[in-house]
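This is what each chain is made of:
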Amino acid sequence: LNGWSAPWRMNDGWKEFHLVAEPVEREVAPGMTAHLWGYNGQSPGPTIEAVEGDKVRIFVTNRLPEHTTVHWHGMLLPCGMDGVGGLTQPQIPPGKTFVYEFPLKKSGTFMYHPHADEMVQMAMGMMGSFIVHPRDPGQHRVDRDFIFLINAYDIEPGAMTPKVATMTEFNLWSWNSRVFPGIDHLAVRKGDRVRIRIGNLTMTNHPIHLHGYDFVVTGTDGGWVPPSARWPEVTTDIGVGAMRAIEFTADEPGDWAFHCHKSHHTMNAMGHNVPTMIGVDHKGVTERITRLVPDYMLMGERGMADMGEMEMPLPDNTLPMMTGAGPFGAIEMGGMFSVVKVREGLARGDYRDPGWYQHPPGTVAYEAKNV
Ligand SMILES: [Cu+2]
């Protein structure tokens, strides 16, 4: 989602990639840009894709102001290629290029991230996905294969650089450093076998939930789950530093919500200190306080739904807490939310946005009259 795969070239039997660790600018969603660190101009860096049995050579050039390394999370490799600064290799100083070389022993889904000043560098967005495809293309075959990393930032409204010392109170819960409504939807043809690979490099777990389907977990960063060990789920909790691949057959058309089930994670930057005002009559108070404190914001007395639709003045470079316009009104989401769009009759290979789902007559919840 919102990403791309790294280019490579063959050189004497080695598949060569080049990662450049550097400061980047990332649009988190329209209206907000963050100053992050990443690879090859973006955070997350490009997805590395290769095939089981390949020998890969990965050049890592450091254009950060401090040293770094790259750790290949989940990969079976020689210890000296594991990328732990100080333990398995010297740090890569600014301006230098190091080389990692290892054979890909097994297929699956892996991640890469620094193992050097890790708290800072991961809070700044340094991470990427690493897919190793099976050597036999008939193995684990699917029609649609999505991947994203779960990450989180703490960026004060009006600021651009994450607060790197934050431990748990992040205010931007993102997929590939994007938040709703800036996250790509997942377009799928009716009947497609679909895989979604999700890696979690935040500091908390994320119960990822898909509407309209049950699915099975077919892979972890440890490898493929044997079919006899799979069970049906509609939510899978993705632990810190873990990856899960889920699969389902898209047999039910619709616009199916797909999101983290922690409700604070489907909101954008919010003031967690906002007092609950449900049931309190505070008409006129906001206006009077606003004269003194122009950015003052109060929770609505009927809940917070009003605030999503309200045209509230926001500081520069931030996003509304709840936002997004759907075919039936405001969607009132933010953060880790997207839509799996399952459609009949999509041309094979054409996965552009098919627009909103046209519900067959008589299949939408409706108002009961005369009750
Ligand atoms: Cu979450």
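Look up: the structure comes first, before these words.
Each value, and the rule that gives it
- Residues numbered from 1 in each chain as written.
- Predicted model: local features only at pLDDT ≥ 70, side-chain atom pairs only at ≥ 80, totals over all residues.
- Heavy atoms only, no water.
- Helix = DSSP H or I, 4+ residues; strand = E, 2+ residues; numbered from the N terminus.
- Contact = heavy atoms within 4.5 Å.
- Polar contact = N/O pair within 3.5 Å; in protein donor to acceptor, adjacent residues only side chain to side chain.
- Pairing = 2+ DSSP bridges.
- Axes fitted to C-alpha atoms, helices over the stretch in contact; angles between N-to-C directions.
- Core = buried A, V, L, I, M, F, W, Y, C linked by side-chain atoms within 4.5 Å.
- Buried < 20%, exposed > 50% of the residue type's maximum accessible area, 1.4 Å probe, protein only.
- Phe/Tyr/Trp six-rings, centres within 6.5 Å; stacked < 30°, edge-to-face > 60°.
- Lys NZ or Arg CZ within 6 Å of the ring centre and 35° of its normal.

**Observations regarding the environment of Lys 15**
Here Lys 15 shows up in strand β2 (residues 14-29). Between the C-alpha atoms of Lys 15 and Val 56, which are 41 residues apart in sequence, the distance is 4.7 Å. In this structure, Lys 15 is in contact with Trp 8, Arg 9, Met 10, Ala 50, Val 51, Asp 54, Lys 55, Val 56 and Arg 57, ignoring residues within four places of it in sequence. Side chain to side chain, Lys 15 and Asp 54 meet in a polar contact 2.7 Å long.

**With respect to the sheet that holds strand β8 (residues 108-113)**
Strand order in this open sheet of four strands is β4-β9-β8-β6, and the pairing throughout is mixed. This sheet does not close on itself; its edge strands, each paired only once, are β4 (48-51) and β6 (71-73). Taking the axes of each pair of neighbouring strands and ignoring which way they run, one obtains an average angle of 25° across the sheet. As defined by bridge partners, β4 adjoins strand β9 (residues 128-133) across four bridges and the pair is classed as parallel. By the bridge assignment for β9, Glu 49 is matched with Ile 131.

**Description of the nonpolar core**
In this structure, Trp 175, Ile 196, Phe 248 and Phe 258 are the most contacted members of the largest nonpolar core, which totals 29 residues. At four residues, the largest contribution of residues to this core is made by strand β10 (residues 144-153). Counting residues in hydrophobic clusters, the runner-up holds 28 residues, among them Ala 6, Leu 64, Met 75 and Met 81.

**Considerations on the packing of aromatic side chains**
All told, the structure shown has 13 aromatic pairs when counted by the stated rule. Note on Phe 180 and Phe 337: the rings are 4.9 Å apart at their centroids and 80° apart in plane angle, and the pair reads as edge-to-face. On the criterion of sequence distance, the pair formed by Phe 180 in the loop between β11 (172-175) and β12 (186-189) and Phe 337 in strand β23 (residues 337-343) is long-range, its members being 157 residues apart. The residues Phe 180 and Phe 337 share a single accessibility class, namely buried. One aromatic cluster in this structure is built from Tyr 39, Trp 72, Tyr 100, Phe 102, Tyr 112 and Phe 130. For the cation-ring pair, Lys 15 lies above Trp 8, with the distance from its terminal atom to the ring centre recorded as 4.4 Å. One Lys or Arg, Arg 144, reaches over the ring of Tyr 351 and ends 3.5 Å from the middle of that ring.

From the geometry alone we can't say anything about function, so treat these as descriptive.
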